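# Observations on the three-dimensional arrangement
Here is how the chains run, residue by residue.
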Amino acid sequence: MAERLRDHYRIRDRRVLDAMMFVPRHVFVSEALQSRAYGDHALPIEANQTISQPYIVARMTELLEVDARSRVLEIGAGSGYQTAVLSRVAGQVYAIERIANLAREAQARIRSLDIHNATVKCFDGTLGWSAHAPYDAILVAAGGPDVPDPLLVQLKVGGRLVIPVGATRESQRLVRVIRTDDDYVHEEHGPCAFVPLIGRYGWTNE
Ligand code: SAH
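Residues numbered from 1 in each chain as written. Predicted model: local features only at pLDDT ≥ 70, side-chain atom pairs only at ≥ 80, totals over all residues. Heavy atoms only, no water.

### A short note on the pattern of salt bridges
Threshold: Every case where a carboxyl oxygen of Asp or Glu lies within 4 Å of a side-chain nitrogen of Lys or Arg is listed as a salt bridge. Numbered from the N terminus, helices here are DSSP runs of H or I no shorter than four residues, and strands are runs of E no shorter than two. Think of it in three bands: with a 1.4 Å probe and only protein chains considered, a residue is buried below 20% of the maximum accessible area for its type, exposed above 50%, and partly exposed in between.
If you walk through the whole model with that rule in mind, you get 9 salt bridges. Note that Arg14 is salt-bridged to Asp18, the shortest N-O span being 2.9 Å. Within this pair, Arg14 and its partner Asp18 are both found in helix H2 (residues 14–22), separated by 4 residues, close to a single helical turn. We classify Arg14 as partly exposed; its relative accessible area is 45%. Its relative accessible area of 36% is what places Asp18 among the partly exposed residues. Between Glu188 and Arg173 there is a salt bridge, with its nearest N and O atoms 2.3 Å apart. On the criterion of sequence distance, the pair formed by Glu188 in strand E9 (residues 184–192) and Arg173 in strand E8 (residues 172–179) is long-range, its members being 15 residues apart. Linked by salt bridges that have partners in common, Glu65, Arg176 and Glu187 make up one network.

This is the structure in structure tokens:
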């Protein structure tokens, strides 16, 4: 998997590749899917949600440009796989998941891997998590119609926010927002397809 990420998908950040090699993806899927855990695809998890394709996890992590001192906010923890990858490259990870069962299981898997710098809580992540703000980096793993305002507010100056944004629920473009002293710079990083971001500053219902 790491070879494909490096040679085919051109993931360059050594720390991201190391994290992808370190975190066992099979721990984050159901037993029936474990033989497919290292394939090049997203897989279904509970509650009609998905664990993202390894490439997209690596790419989004790389775009965040975090280091061991970074404080990261993640929205849409799902299985907890992306959370675990982030915990290897960042200092502290605060993850939010709106479905209670998923949040609970994600947290349990993370503890079972002896990861102690990541917390998963259940609430609407489009509101951000102001108690730990501002963040060096924010990753949103579900597609919204726009970049939620509270997340922009909770981003440090110089910080990076990566989110799939699309006018419909079905397809998005990966967007990176960098906060400068007095502005927000938007970059586009290609098409992608995520499950919808549902909440106050996302889509309104299922
Ligand atoms: N990175 C995850 C992918 C999970 S799919 C993984 O590796 O497994 C996206 C997740 O976003 C879903 O679990 C969905 O329930 C969650 N989600 C959608 N809207 C949300 C919101 N407003 N706040 C928190 N989580 C949300």
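Now that the structure has been shown, the text picks up again.
### What to know about helix H3 (residues 54–64)
Side chains three or four residues apart in an α-helix point the same way, a direct result of the helix having 3.6 residues per turn. Most of H3 is tucked away, with 9 of its 11 residues classed as buried. Among the residues of H3, Pro54, Ile56, Val57, Ala58, Met60, Thr61, Glu62, Leu63 and Leu64 are the ones counted as buried. Once H3 finishes, Glu65 follows within two positions and takes phi at roughly 50°, a positive value.

### A few points about the nonpolar core
To keep it simple, the criterion reads: We define a nonpolar core as any set of buried Ala, Val, Leu, Ile, Met, Phe, Trp, Tyr and Cys residues linked to one another through side-chain atoms lying within 4.5 Å. We call two residues in contact whenever any of their non-hydrogen atoms come within 4.5 Å of each other.
Residues Met20, Leu64 and Tyr81 are the most contacted members of the largest nonpolar core, which totals 46 residues. Those elements that place two or more of their residues in this core are H2, H3, helix H4 (81–89), strand E4 (92–96), helix H5 (100–112), strand E5 (118–121) and strand E6 (135–140). Setting aside chain neighbours within four positions, we find Tyr81 in contact with Met1, Met20, Val23, Arg25, Phe28, Ile51 and Val57. Counting residues in hydrophobic clusters, the runner-up holds 20 residues, among them Leu73, Tyr94, Leu155 and Ile163.

### Comments concerning the sheet that holds strand E7 (residues 155–165)
The line we're drawing: Any two strands with at least two DSSP-identified bridges between them are counted as paired. Note on definitions: angles span 0 to 180 degrees between N-to-C directions of axes, and those axes are lines fitted to C-alpha atoms, for helices only across the stretch in contact.
On the basis of which strands lie adjacent, the open sheet formed by 7 strands has the order E5-E4-E3-E6-E7-E8-E9 and mixed pairing. Among the strands making up the open sheet, the edge pair consists of E5 and E9. Adjacent strand axes in the sheet meet at a mean angle of 15° when their direction is disregarded. Here 6 bridges tie E7 to E8, and the two strands are oriented antiparallel to one another. Along E8, the bridge assignment pairs Val162 with Arg176. Sheet strands touched by H3: strand E3 (71–75), E6, E7, E8 and E9. Its angle to E7, the strand with the most contacts, is close to 155°.

### Observations concerning the packing of aromatic side chains
For clarity, the cut-off: Within 6.5 Å between ring centres, the rings of Phe, Tyr and Trp (the latter by its six-membered ring) count as paired, and their orientation is classed by plane angle as stacked under 30 degrees, edge-to-face over 60, tilted in between. Geometrically, a lysine NZ or arginine CZ counts as sitting over a ring once it is within 6 Å of the ring centre and also within 35 degrees of the ring normal.
In this structure the tally under the stated criterion is 5 aromatic pairs. Consider the rings of Tyr94 and Tyr135, whose centres lie 6.3 Å apart with planes at 65°: the pair is edge-to-face. Here Tyr135 lies in strand E6 and Tyr94 lies in strand E4, a separation of 41 residues in the sequence. Residues Tyr94 and Tyr135 agree in their burial class; the two are buried. Ring centres of Phe123 and Trp129 lie 5.4 Å apart, and the angle between their planes is 85°; on these two criteria the pair is classed as edge-to-face. Take Trp129: its relative accessible area is 11%, and that puts it in the buried class. Aromatic ring contacts, followed pair by pair, group Tyr94, Phe123, Trp129 and Tyr135 into a single cluster. Directly above the aromatic system of Phe22 lies the positively charged group of Arg88, at a separation of 3.5 Å from the ring centroid. Residue placement shows Arg200 over the ring face of Tyr201; its charged tip is 4.8 Å from the ring centre.

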